[in-house]
Amino acid sequence: MYRRDPLRLVSVLRMILEGEKAAVLKRDHHLPLSFHRRQEELKFNMGLQRLQHRVCQIQALQDSPAASLQDPQLKTEAKAPESELPTLILEAVKELEVAKQQVLKRIQIWKRQQQLAGNGAQFEENLAPLQKRCENLVEVHFQLHQQVMGASAELGAELVPRLRERLNEVLSSLVKSSFLVEKQPPQVLKTQTKFQASVRFLLGPRLLKASAKPYMVRADMVTEKQARELSTYSSTLSESTGEIMHNVVALETNPTSGTCCAFFKNVLLKKIKRCERKGSESVTEEKCAVLFSTSVALTTSNVPIHLQVLSLPIVVIVHGNQDNNAKATVLWDNAFSEIDRVPFVVAERVPWDKMCDTLNLKFMAEVQTTKGLLKEHYFFLAQKIFNDYSASLEDFQSRSVSWAQFNKEILPGRGFTFWQWFDGVLDLTKRCLKSYWSDRLIIGFISKQYVCKLLSTEPDGTFLLRFSDSEIGGVTIAHVIWGKDGSSQVENIQPFSAKDLSIRSLGDRIRDLEQLRNLYPNTPKDQAFGSHYNKEQTGKDGRGYVSTAIKMTVESERDQHPQSTAGALPEAPPAPMFNLPMLQPESLQPVLSPMCPPTPFCPQPVPTAYPTGESSINMMVTNNLGSSFPSTSPMLSPSLVMDPTLPHCEDLAFRNPLPFMPNQYMTGEASQMQSGGPSPEPRDEEMPELAPLTLMVDPPLQSSQRWPPSMDLPSSSDLDQFLREMSVEGPPFPPPPQHSGYPNTSCWGLGESRWDDSVRPGHA
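None of these values were measured; they are calculated from a predicted model.

Peer 1: Got a minute to help me understand the overall build of the protein in this structure?
Peer 2: A count of helices and strands for the protein gives 23 helices and 22 strands. Counting contacts in the protein only where the partners sit at least 6 residues apart, residues at least 24 apart contribute 69% of the total.

See below:
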């Protein structure tokens, strides 16, 4: 049936294909990119086959009739009169120009996809199909050019020059458009930083004439104004706007891979010349580009042809703190620029739905996750960027967002722009929260007010994770607490930065907090975060050390109740404190001369953190002065305890005579040195008479004898007489300062001590 009526078969197939297309559109609301790419390839291949068939027809007419009749496909065409030859040639040239436009459009699409890849879009980098298209059209061009020259008599003297001009225009467009930047330089480029790039000449293996010297490709920095002037091939660069090192490389042809490329491996932008900026434009909004240029000779002509191509827009920075704003400029330009634009013009306002697609694309690419943003996330982002909390989700769909709202205007009540905040979330999620986001454990983009609404009716211990709204790059835990009076309170723990999470992961912090029970809405936390817990080490490690761990604690406002004083033990009365004057070695030399021989030994030197000899110190002395001192000074050897009233002698190891300085003692505790001058508090009346002191001498050191054998200790009567001559008045010893409290969160290592700086030895 279909043999007798083939058009009916075509109609049936067309109806089937249209039905499949409608079903796909109904399901996906748009055709996938792969469908458009495949459709474009089929369309081009059909046109190329038609063009090649047209060239064969022309060739058959120019050959002898006998030769044309040998081909059955050309039997009918061979009978055509020679008067149809000009018509066939004109149709072939026209079809060649159409095919050229298709190739040029496909090259522009490839460039646009390469630019969108800078924001995270998928990109088919393979240039081999495009190179094959260009080479096929060049082959057709050469055949048509020969046929036009061979049919000059039939075409006439007036038509031949016009056809040759049109054919030369086709070849020139293909050659110049096939010079591409295969690997783009970084779009945020810092001076004094090396970078890489590469260019590719698609028609190089086919057209490049062999030369004794290799063709050289040069890279120069150009401004936006220069890029506009260079958008037409009629002009060349007059002056570079920046100094680039190692900017000239050879254009090399690889016969094995069939490619012709120039690789820039160690390029360095040494400095940049800034141009005049428009209005309030900042340095990070100024766009530049790298111009790659070369002059080559083709096999079809001896005249050298100039090739040049611009890179994608580049923002040059000189400091790392400009990186954030520079990325915003690049993101906006990559997302909203048009294919055939004037360099580097881009819209100032774009629809909000396109901005949502851009943010989602960037988020998924940076975090490297398949879980993108949801419509609830878009709603929160719209409220934030428009500062409108009364509009609905549908209201935002019809709005447009400006560049100023994106990264110029400071958010109300904050010190940063919308993009600066969003980029901080990107960095935090990429570095520390990728697995949590991919498992949908983080709601993230949700306001604090809406969190309170969600959690206020949930059971005690229900929590969720959200990105901090007031800090850049922070994630916080919001949880609900129910009091004994039946009221609920939602608390937000101090946000964790990337540095905090590098010390202890988010999963381990959640495990540490016993007040967290269920992840909103009702998932037990161990079930949700169990796979994210790190195994804690127990026992001893391979070196014999006891393992330690860090734990996080949170003190809730409900837990901070004043301690009751009922039943508390009475405070012990403070020990009497006296102020002793600083004793100088000159006044003690008559008494202490037996203890400091010409070859003296001195206890370990006093640290520099202690007060100097010119100052006075406060000293706490117990009531029971007749007994020995309760503990040894940290400055003395543990095997030898000296009386604190004895002076320090010169140490041979340091050869620095130190002034006498009594050690401080506190009743029942290790000796602690306290610095300070005279106290404004009331002084004691008089120091009571001191009883004779009992010297404590431990056994000598086993390593060496440090006291000379000939040295005699002073008698207790001499010391008693010396101490009775001392009567002083001074302020009481100041009590150690009390800490007011601890931060909301703290991490203490198990097996480690909490040091209190107020009583640390040597702390000033």
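Peer 1: So what exactly am I meant to see when it comes to the side chain of Gln226 here?
Peer 2: In this fold, Gln226 is placed in helix H10 (residues 224–229). In this view, Gln226 contacts Met221, Leu237, Glu239 and Thr241; residues no more than four positions away in its chain are not counted.

Peer 1: Help me understand the packing of aromatic side chains in this model?
Peer 2: By convention here, two paired aromatic rings are described through the distance between centres and the angle between planes. Scanning all chains against the criterion turns up 26 aromatic pairs. Taken together, a centroid distance of 6.5 Å and an interplanar angle of 55° make the contact between Phe363 and Phe422 tilted. Of this pair, Phe363 sits in helix H12 (residues 352–367) while Phe422 sits in helix H16 (residues 418–432), placing them 59 residues apart in sequence. The exposure class assigned to Phe422 is buried, which follows from its relative accessible area of 0%. Between Arg133 and the ring centre of Phe44, over which it is positioned, the NZ or CZ distance is 4.5 Å. Positioned above the aromatic ring of Tyr533, the side-chain terminus of Arg511 is 4.7 Å from the ring centre.

Peer 1: What is the right way to look at the sheet that holds strand E14 (residues 462–467) in this model?
Peer 2: Strand pairs in the sheet, formed through backbone hydrogen bonds, run parallel or antiparallel to each other. Spatially, five strands are ordered E16-E15-E14-E17-E18 in an open sheet, and the strand pairing comes out mixed. The two strands at the open ends of the sheet, each matched to only one other strand, are strand E16 (488–492) and strand E18 (523–524). Across two bridges, the pairing between strand E17 (residues 518–519) and E18 is antiparallel. When the bridges of E18 are listed, Asn518 appears paired with Pro524. Sheet strands in contact with helix H18 (residues 448–455) are E14, strand E15 (475–482) and E16, and its direction is about 165° off that of E14.

Peer 1: Explain the pattern of salt bridges to me, please; I cannot follow it from the model alone.
Peer 2: Should their charged atoms come close, side chains of opposite charge can pair. As enumerated under the stated definition, the model contains 29 salt bridges in all. Note that Glu366 and Lys430 form a salt bridge whose closest N and O atoms lie 3.3 Å from each other. Taken as a pair, Glu366 in helix H12 and Lys430 in helix H16 lie far apart in primary sequence, 64 residues in all. For Arg517, the salt bridge is made with Asp460, and the minimal N-O distance between the two is 2.5 Å.

Peer 1: When you look at the sheet that holds strand E9 (residues 288–296) in this model, what are you seeing that I'm missing?
Peer 2: Pairing is antiparallel across the open sheet formed by four strands, whose spatial order is E6-E4-E9-E10. Two strands bound the open sheet, and with one partner strand each, they are strand E6 (248–250) and strand E10 (305–310). With direction set aside, neighbouring strand axes in the sheet form an average angle of 25°.

Peer 1: Explain the packing of helix H13 (residues 375–386) against H16 here, please?
Peer 2: The angle between the axes and the distance between the axes are what describe a pair of packed helices. It is the contact of H13 with H16, at a shortest axis distance of 10 Å, that shows an interaxial angle of 145°. Taking contact as the criterion, the partners of Phe380, Leu381, Lys384 and Ile385 in H13 are, on H16, Phe418, Trp421 and Phe422. In terms of residue class, the contact of H13 with H16 is made up of six nonpolar, no polar and one charged.

Peer 1: I keep staring at the nonpolar core and nothing clicks. Help me out?
Peer 2: For soluble globular proteins, the rule of thumb is that nonpolar side chains tend to be buried together. Formed by 71 residues in total, the largest nonpolar core has its most connected members in Ile89, Leu137, Leu144, Val175, Phe264 and Phe292. When residues in this core are grouped by element, the largest group, ten residues, is from helix H5 (residues 85–117). Setting aside residues up to four positions removed in sequence, Phe264 forms contacts with Phe195, Gln196, Ala197, Val199, Val217, Arg218, Ala219, His246, Asn247, Val248, Val249 and Phe292. Judged by nonpolar contacts, the second largest core, of 59 residues, contains Met355, Phe386, Phe467 and Leu506.

Peer 1: Is there a simple way to think about the side chain of Thr429 in this case?
Peer 2: Of note, Thr429 is situated in helix H16. Of the polar contacts made by the side chain of Thr429, one reaches the backbone oxygen of Val425; its length is 2.8 Å.

Peer 1: I tried to follow the pairing of strand E4 (residues 216–223) on my own but got confused; where do I start?
Peer 2: The side chains of a regular strand alternate between the sheet's two faces. With respect to burial, E4 is a largely interior element, six of its eight residues being buried. With three bridges joining them, E4 and E6 adopt antiparallel strand pairing. Note that in E6 the partner of Val217 across the bridge is Val249. In terms of strand pairing, E4 meets E9 through six bridges, oriented antiparallel. Bridge pairing links Met221 to Val290 in E9.

Peer 1: Which parts of the structure should I look at to understand the state of the cysteines?
Peer 2: Note on terminology: a disulfide is the covalent bond linking the sulfur atoms of two cysteines. Under the defined criterion, the tally for this structure stands at zero disulfides. Free cysteine Cys261: the closest other cysteine sulfur is in Cys260, separated by 6.7 Å. For Cys261, a relative accessible area of 5% corresponds to the buried category.

Peer 1: Quick question: what am I supposed to make of the packing of H12 against H13 here?
Peer 2: With their axes 11 Å apart at the nearest point, H12 and H13 run at an angle of 115° to one another. Looking at the two axes, H12 sits roughly perpendicular to H13. For the pair H12 and H13, the crossing hand works out as right-handed. Each of Trp352, Cys356, Leu359 and Asn360 in H12 lies in contact with H13, whose residues at this interface are Tyr378, Leu381, Ala382, Ile385 and Phe386. The class makeup of the residues in the contact of H12 with H13 is eight nonpolar, one polar and no charged.

Peer 1: Help me understand a nonpolar patch on the surface in this model?
Peer 2: Residues Leu9, Leu13 and Ile16 make up a contiguous nonpolar surface patch of roughly 250 Å² in combined accessible area. Looking at where Ile16 falls in the secondary structure, it is placed in helix H1 (residues 6–28). A relative accessible area of 45% places Ile16 in the partly exposed class.

Peer 1: How should I be thinking about H16 in this particular structure?
Peer 2: Along an α-helix, residues three or four apart share an orientation, since each turn contains 3.6 residues. Spanning 15 residues, H16 covers 21 Å between terminal C-alpha atoms, matching the ideal 21 Å at 1.5 Å per step. The buried fraction of H16 amounts to eleven of the 15 residues, a majority that puts the element mostly inside the structure. Looking only at H16, the buried set comprises Phe418, Trp419, Gln420, Trp421, Phe422, Asp423, Gly424, Val425, Leu426, Leu428 and Thr429.

Peer 1: Help me understand the confidence of the model for the protein in this model?
Peer 2: As a note on interpretation, predicted positions should not be read in detail where pLDDT is low. Per-residue confidence for the protein gives a mean pLDDT of 77; residues scoring 70 or more make up 68%. Confidence scores differ between elements of the protein, with strand E21 (residues 617–620) showing the lowest mean pLDDT of 36 and strand E13 (residues 400–402) the highest of 97. Low pLDDT (under 50) marks residues 74–80, which in the prediction has ten contacts with non-local residues, meaning those over four places away or in another chain.

Peer 1: Sorry if this is basic, but what is going on with the environment of Leu171 here?
Peer 2: Tracing the backbone through its elements, the reader meets Leu171 in helix H8 (residues 159–177). The sequence separation of Leu171 and Glu97 amounts to 74 residues, and the corresponding C-alpha distance is 9.9 Å. Sequence-distant contacts of Leu171, defined by excluding residues within four places in its chain, comprise Val138, His141, Leu207 and Thr300.

Peer 1: Any chance you could explain unusual backbone geometry here in plain terms?
Peer 2: For residues besides glycine, phi is generally negative; the peptide bonds are generally trans as well. Geometrically, the link from Pro343 to Phe344 is a cis peptide bond, its omega value of -15° lying close to zero. By the secondary structure assignment, Phe344 is in the loop between helix H11 (323–336) and strand E12 (349–351). Tyr520 connects to Pro521 through a cis peptide bond whose omega is 5°. Following the sequence through the fold, Pro521 ends up in the loop between E17 and E18. With a phi close to 60°, Gln192 is a non-glycine residue in the positive phi region. The phi torsion at His246 lies on the positive side, around 55°, for a residue other than glycine. By secondary structure assignment, the location of His246 is in the loop between strand E5 (242–245) and E6. By relative accessible area, His246 is classed as exposed at 55%.

Conventions adopted
Residues numbered from 1 in each chain as written. Predicted model: local features only at pLDDT ≥ 70, side-chain atom pairs only at ≥ 80, totals over all residues. Heavy atoms only, no water. Helix = DSSP H or I, 4+ residues; strand = E, 2+ residues; numbered from the N terminus. Contact = heavy atoms within 4.5 Å. Phe/Tyr/Trp six-rings, centres within 6.5 Å; stacked < 30°, edge-to-face > 60°. Buried < 20%, exposed > 50% of the residue type's maximum accessible area, 1.4 Å probe, protein only. Lys NZ or Arg CZ within 6 Å of the ring centre and 35° of its normal. Pairing = 2+ DSSP bridges. Axes fitted to C-alpha atoms, helices over the stretch in contact; angles between N-to-C directions. Salt bridge = Lys/Arg side-chain N within 4 Å of Asp/Glu carboxyl O. Nonpolar A, V, L, I, M, F, W, Y, C, P; charged D, E, K, R; others polar. Core = buried A, V, L, I, M, F, W, Y, C linked by side-chain atoms within 4.5 Å. Polar contact = N/O pair within 3.5 Å; in protein donor to acceptor, adjacent residues only side chain to side chain. Disulfide = S-S within 2.5 Å. Parallel < 35°, antiparallel > 145°, perpendicular 65-115°, else oblique. Left-handed = near helix turned anticlockwise from the far one by under 90°. Patch = residues over 30% accessible without salt bridge, like charges linked within 9 Å, V, L, I, M, F, W, Y side chains within 5 Å. Areas by Shrake-Rupley, 256 points an atom, 1.4 Å probe, with all protein chains shown as cover. Expected span 1.5 Å × (residues − 1). pLDDT = per-residue confidence, 0-100.

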